[in-house]
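If you want the building blocks of each chain, they are given just below.
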There are 2 protein chains.
Amino acid sequence: MTKTTTEHLLEHVAGNGLLHRRLFLTQGAAAVGGLTLLAAQPVAAEPLAIPPWMQAPGTHMSAYGAPSKHEAGVQRVVGGTPNVQGSGVSFTPHHLLHGTITPNSLHFERHHSGVPDIDPAQHKLLLHGAVRRPLTFSVESLLRYPTVTRIQFLECAGNSGQNLNAQPPQAPCGVIHGLMSCSEWTGVPLSILMQEGGVEPGNNWVLAEGADAAAMSRSVPLAKIMDDAIVALYQNGERLRPENGYPLRLFLPGFEGNMSVKWLRRLKVVKAPVMTRDETSHYTDVLLNGKALILTYPMEVKSVITSPSTGLALEGPGLYEVTGLAWSGLGKIRRVEVSADGGMSWAEAALGEPVLSKSFARFRLAWQWDGGPAVLMSRAVDETGAVQPTRASLVAERGERPNYHNNGIQAWAIAQGGEVSNVFA
Amino acid sequence: MTKTTTEHLLEHVAGNGLLHRRLFLTQGAAAVGGLTLLAAQPVAAEPLAIPPWMQAPGTHMSAYGAPSKHEAGVQRVVGGTPNVQGSGVSFTPHHLLHGTITPNSLHFERHHSGVPDIDPAQHKLLLHGAVRRPLTFSVESLLRYPTVTRIQFLECAGNSGQNLNAQPPQAPCGVIHGLMSCSEWTGVPLSILMQEGGVEPGNNWVLAEGADAAAMSRSVPLAKIMDDAIVALYQNGERLRPENGYPLRLFLPGFEGNMSVKWLRRLKVVKAPVMTRDETSHYTDVLLNGKALILTYPMEVKSVITSPSTGLALEGPGLYEVTGLAWSGLGKIRRVEVSADGGMSWAEAALGEPVLSKSFARFRLAWQWDGGPAVLMSRAVDETGAVQPTRASLVAERGERPNYHNNGIQAWAIAQGGEVSNVFA
């Protein structure tokens, strides 16, 4: 190894300090062998003292563990709807998390009339309407059917909607973009249950209804039901949490979250969309030309840098990991690019393996911050070739007001001194 | 579709009712179109009553969620060591879980002197010994380094050891095999940190020491440290739990769990294994010929059926999902076979996608139980070609006594009536 400066091997590949993604690829470390990353400033080793926690035995095993008291601030941010009991949202704090799996305790929530307290021994799923054989399934009976397991995201149609306001909200990344989460879902393919019932030809829609007090209901194309929809029973290994549909929910990979009806109690095979309250009064994208998009299903290609982001100030010039999440309701993420100069130049980020369909991909890039102003952005492309749009292009169509399906590019401004803020760049 | 019986399409591929894995493959449902699986006995639909939980709004959002009260029995089974505070194990209840991810609250535990209560602002990791530049890393400084994310298992060397007793333990699957779990781990590649320090040539081992009261210590080959070892900071998205090493642990994919030292505080580069108390008094496989295997690292290819298993009685003849976990510390699982007749005939199971290296693979097969006696077994093969051995072959080498690295085949006997018991078949 004859190179003597980091500049030779830590190649700058885009403006304002973005480095080649090789640092994150297999054998990446070998490529920078013998060099100092200066990601932090480790001090010379000193004799280690024996800390208090090594001077006496620690606590015992536990039946169901909990986070460290030092992480008590890692919580969902709860936002209710005034005067409406149990209605509202809670956000996943993505700026405090890493990886791609969202812990069940931090999965986002959106309830229309709160979390029902369901006795699983009493709960039934009814399959009726245009079927040859109407059926009811108990939870116990569903547990005997063949299952599938997949890691997939769920995103509320209203996620990131505040970024269509006229002014950029100065909130943590998780509050702006926290109505999305990613879990390992295990359940019974609906194609199997539909064939148990026998769908009558000419009926291409399914009404799904939840067992909450709102009887939240959506119309789902039969094609989706027969493709990759499941009745989910387990999330990240354990049974669903109450706020995620216990004892069972519909799960429609890639579709707007609201359609994956929680506490599922009824599937009715019908000829046409039912036009339920929930698919007409909500979840409709109003355009500037006065028209509205309704029954819009897949969540479009999108990405967001989770760190650095609002509230996570940089400590000083030097090397940082720029990292975030990318996903598409239409398939796999093909590529994510990062800019540190507000979109003038872009560098390809490293994607964590494996890249899964309709799932979070974690992207990363190393960034040598010189201490001056910078604007960080990320832009994802999915396997269909769809490119994440700018906020400006969405605003041109929809105006500056909160809306659904906002997949516009997020920009974070880094100020001299390291403070991070949300900007429309 | 002219076939009229399930027998045509639900092909029996091995003795005693095992069906072809096509039910679990893509388009599987289409292959059995129009047929009744009779996995359960759904009754004809009745008008659905409005249950109590739909008659009033439910509970509000929560900052950090918890399981349903109806799942309160899904806990780790805690086993302590008499008269030793904080020493012992707790087991992951795999017989009550599904998928491949283990929730953090249910990840197995093995402590040698309890769980230390570490202040992350005070904790340091020292890199010293034969390095050009001894360094200490704070948690904050580590959070700025490049990271990787991988889904990988962790298995205690002592897992399944009771199955080498003379009599088969009649305990739930999770208690026999619950010293293993699988998580998404995110952390800093140790290859990068080692290059920050600069290893002096001729030193091929690293002593790793934990900050618990036992100062649990193991010697690790430098080759493993430079290959795929990480300093783990996040588990399943959130920061490590206290019982899993908060604020940071060594993670050595595929190696016996004890070596992935929790609460890591010191890495010392040395010439040879240190022969610590923990690698000589424990984690040594004593053979019948009087010799002992020490410094045995990768956990060998293994599988276990999690359902049906002890305590999960079958309800009556009919279709069941036979499912379990397979893993290898040497790479990917290539194949899992299932037998329902005690090993006389075998059928290939379906593997959940994606199959990842040094990770849990979920396998599944449909089984038409005729109500008579049966013995269910699974046998895994990994990508190196290694085949999971029989218990008998391990006993021939080691005798009938608890031991480490038991990867023998597990057999579950189904009695007339559906009760399940652990048998040595």
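Structure first, text after, so check above.
Calculation rules
- Residues numbered from 1 in each chain as written.
- Chains lettered and ligands numbered in written order.
- Predicted model: local features only at pLDDT ≥ 70, side-chain atom pairs only at ≥ 80, totals over all residues.
- Heavy atoms only, no water.
- Helix = DSSP H or I, 4+ residues; strand = E, 2+ residues; numbered from the N terminus.
- Rg over C-alpha atoms; globule rule 2.2 N^0.38 Å.
- Buried < 20%, exposed > 50% of the residue type's maximum accessible area, 1.4 Å probe, protein only.
- Contact = heavy atoms within 4.5 Å.
- Areas by Shrake-Rupley, 256 points an atom, 1.4 Å probe, with all protein chains shown as cover.
- Lys, Arg positive; Asp, Glu negative; His and termini not counted.
- Charge placed at Lys NZ, Arg CZ, Asp CG, Glu CD.
- Pairing = 2+ DSSP bridges.
- Axes fitted to C-alpha atoms, helices over the stretch in contact; angles between N-to-C directions.
- Salt bridge = Lys/Arg side-chain N within 4 Å of Asp/Glu carboxyl O.
- Polar contact = N/O pair within 3.5 Å; in protein donor to acceptor, adjacent residues only side chain to side chain.
- Nonpolar A, V, L, I, M, F, W, Y, C, P; charged D, E, K, R; others polar.
- Least-squares fit on C-alpha atoms with pLDDT ≥ 70 in both.
- Core = buried A, V, L, I, M, F, W, Y, C linked by side-chain atoms within 4.5 Å.
- Phe/Tyr/Trp six-rings, centres within 6.5 Å; stacked < 30°, edge-to-face > 60°.
- Lys NZ or Arg CZ within 6 Å of the ring centre and 35° of its normal.

**Digging into the overall build of chain A**
Here is step 1 of the chain: Secondary structure assignment for chain A yields 8 helices and 27 strands.
Here is step 2 of the chain: Taken over C-alpha atoms, the radius of gyration comes to 24 Å for chain A, in line with the 22 Å a tight globule of 425 residues would show.
Here is step 3 of the chain: Dimensions of chain A, computed from C-alpha atoms along their principal axes, come out at roughly 75 × 65 × 45 Å.
Here is step 4 of the chain: A burial count over chain A gives 64% of its 425 residues as buried.
Here is step 5 of the chain: Looking at chain A alone, contacts between residues at least 24 apart form 72% of all its contacts between residues at least 6 apart.
Here is step 6 of the chain: For chain A, the computed accessible surface area is about 14600 Å², with 55% contributed by carbon and sulfur atoms.
Here is step 7 of the chain: For chain A, the distance from the average site of its 34 positive side-chain charges to the average site of its 35 negative ones is 7 Å.

**What about the sheet that holds strand β4 (residues 77–80) of chain A?**
All names here are of chain A.
Here is step 1 of the chain: Within the open sheet, the 3 strands sit side by side as β4-β5-β6. Their pairing is antiparallel. Since the sheet does not close on itself, it has two edges, and those belong to β4 and β6 (109–111), each with one partner. Adjacent strand axes in the sheet meet at a mean angle of 10° when their direction is disregarded.
Here is step 2 of the chain: Where β4 lies against strand β5 (residues 88–91), 4 bridges are found, and the strand directions are antiparallel. Its bridge partner lying in β5, Val78 is registered against Ser90.

**Focus: the interface of chain B and chain A**
Here is step 1 of the chain: With 122 residues of chain B at the contact, the number on the chain A side is 122 residues.
Here is step 2 of the chain: Counting every contact that joins chain B to chain A gives 6 salt bridges.
Here is step 3 of the chain: Between Asp117 of chain A and Lys69 of chain B there is a salt bridge; the shortest N-O distance is 2.8 Å.
Here is step 4 of the chain: Across the contact surface, chain B and chain A share 38 residue pairs in polar contact (both at pLDDT 80 or more).
Here is step 5 of the chain: A per-class count over the side of chain B that touches chain A returns 60 nonpolar, 39 polar and 23 charged.

**Some remarks on the pairing of strand β13 (residues 230–235) of chain A**
Residues and elements named next belong to chain A.
Here is step 1 of the chain: Of all the 6 residues making up β13, 6 are buried; the element is thus mostly covered by neighbouring parts of the structure.
Here is step 2 of the chain: The pairing of strand β10 (residues 180–189) with β13 spans 5 bridges and is classified as antiparallel. Bridge pairing links Val188 to Val231 in β13.
Here is step 3 of the chain: Sheet topology places β13 next to strand β15 (residues 249–251); 3 bridges connect them, and they run antiparallel. Paired with Ile230 across the strands is Phe251, a residue of β15.
Here is step 4 of the chain: Following β13, the chain reverses through 2 residues before pairing antiparallel with strand β14 (residues 238–239); Asn236 in that reversal takes a positive phi of roughly 50°.

**Focus on the relation of the copies chain B and chain A**
Here is step 1 of the chain: Of the transformation placing chain B onto chain A, the axial shift is 0.0 Å and the rotation is 180°, giving an RMSD of 0.0 Å. What we have between these two chains is a two-fold relation.
Here is step 2 of the chain: Comparing interface residues between copies, 100% of those in chain B also lie at the interface in chain A; the contact surface is shared.

**Considerations on the side chain of Ser141 of chain A**
Residues and elements named next belong to chain A.
Here is step 1 of the chain: Within the secondary structure, Ser141 sits in helix α3 (residues 139–142).
Here is step 2 of the chain: Judged by its relative accessible area of 10%, Ser141 falls in the buried class.
Here is step 3 of the chain: A polar contact of 2.9 Å, which involves the side chain of Ser141, links it to the backbone oxygen of Ser138.

**A short note on the environment of Leu154 of chain B**
All names here are of chain B.
Here is step 1 of the chain: Take Leu154: it is sitting in strand β9 (residues 148–155).
Here is step 2 of the chain: By relative accessible area, which is 2% here, Leu154 ends up buried.
Here is step 3 of the chain: Residues Leu154 and Phe108 lie 46 residues apart in sequence; the distance between their C-alpha atoms is 9.0 Å.

**Things to note about the pattern of salt bridges**
Here is step 1 of the chain: Under the criterion given, the structure shown has 38 salt bridges over all chains.
Here is step 2 of the chain: In this structure, the salt-bridge partner of Glu155 of chain B is Lys302 of chain B, at a minimum N-O distance of 2.7 Å. Remark: Lys302 of chain B occurs in strand β19 (residues 302–307) and Glu155 of chain B occurs in strand β9; sequence separation between them is 147 residues.
Here is step 3 of the chain: According to the relative accessible area criterion, Glu155 of chain B is buried, its value standing at 1%.
Here is step 4 of the chain: A salt bridge links Glu238 of chain B to Arg241 of chain B; its shortest N-O distance comes to 2.9 Å. This pair shows no difference in class: Glu238 of chain B is buried, exactly as Arg241 of chain B is.
Here is step 5 of the chain: Salt bridges sharing partners connect three or more residues here, namely Arg76, Glu109 and Glu243 of chain A.

**Some words on the nonpolar core**
Within soluble globular proteins, side chains that are nonpolar generally end up buried alongside one another.
Here is step 1 of the chain: The biggest cluster of nonpolar side chains holds 108 residues, and the ones touching the most others in it are Trp367 of chain A together with Trp367 of chain B.
Here is step 2 of the chain: Sequence-distant contacts of Trp367 of chain B, defined by excluding residues within four places in its chain, comprise Asn16, Gly17, Leu18, Leu314, Gly318, Leu319, Tyr320, Val322, Ala340, Ala374, Leu376 and Ile414 of chain B.

**Side note on the packing of aromatic side chains**
Here is step 1 of the chain: This structure, assessed with the given rule, holds 19 aromatic pairs over all chains.
Here is step 2 of the chain: Here the aromatic rings of Phe153 of chain B and Trp327 of chain B are separated by 6.5 Å at their centres, their planes lie at 65°, and the arrangement is edge-to-face. Pair noted here: Phe153 of chain B is in strand β9 and Trp327 of chain B is in strand β20 (residues 318–327), with a separation of 174 residues, a long-range link.
Here is step 3 of the chain: Residue class for Trp327 of chain B comes out buried when judged on its relative accessible area of 0%.
Here is step 4 of the chain: Chaining the aromatic ring pairs together yields one cluster made of Phe153, Trp327 and Phe360 of chain A.
Here is step 5 of the chain: When the ring centre of Phe255 of chain A is taken as origin, the NZ or CZ atom of Lys224 of chain A, which lies over that ring, is 4.3 Å away.
Here is step 6 of the chain: The ring of Tyr234 of chain B has Arg239 of chain B sitting right over it, with the charged end atom 5.7 Å from the ring centre.

**So, the environment of Ala313 of chain B**
All names here are of chain B.
Here is step 1 of the chain: With respect to the helices and strands, Ala313 occurs in the loop between β19 and β20.
Here is step 2 of the chain: The partly exposed category is assigned to Ala313, whose relative accessible area is 36%.
Here is step 3 of the chain: Placed 107 residues apart in sequence, Ala313 and Val420 show a C-alpha to C-alpha distance of 5.8 Å.
Here is step 4 of the chain: If near-sequence neighbours (up to four positions away) are discounted, Ala313 is found in contact with Gly418, Glu419 and Val420.

**Comments concerning the sheet that holds strand β5 (residues 88–91) of chain B**
Residue and element names in this part refer to chain B.
Here is step 1 of the chain: Overall, antiparallel pairing links the 3 strands, which are arranged β4-β5-β6 in an open sheet. Two strands close off the open sheet at either side, each with one partner strand: β4 (77–80) and β6 (109–111). Ignoring which end each strand starts from, the neighbouring axes of this sheet average 10° apart.
Here is step 2 of the chain: Relative to β6, β5 is paired through 3 bridges, and the arrangement is antiparallel.

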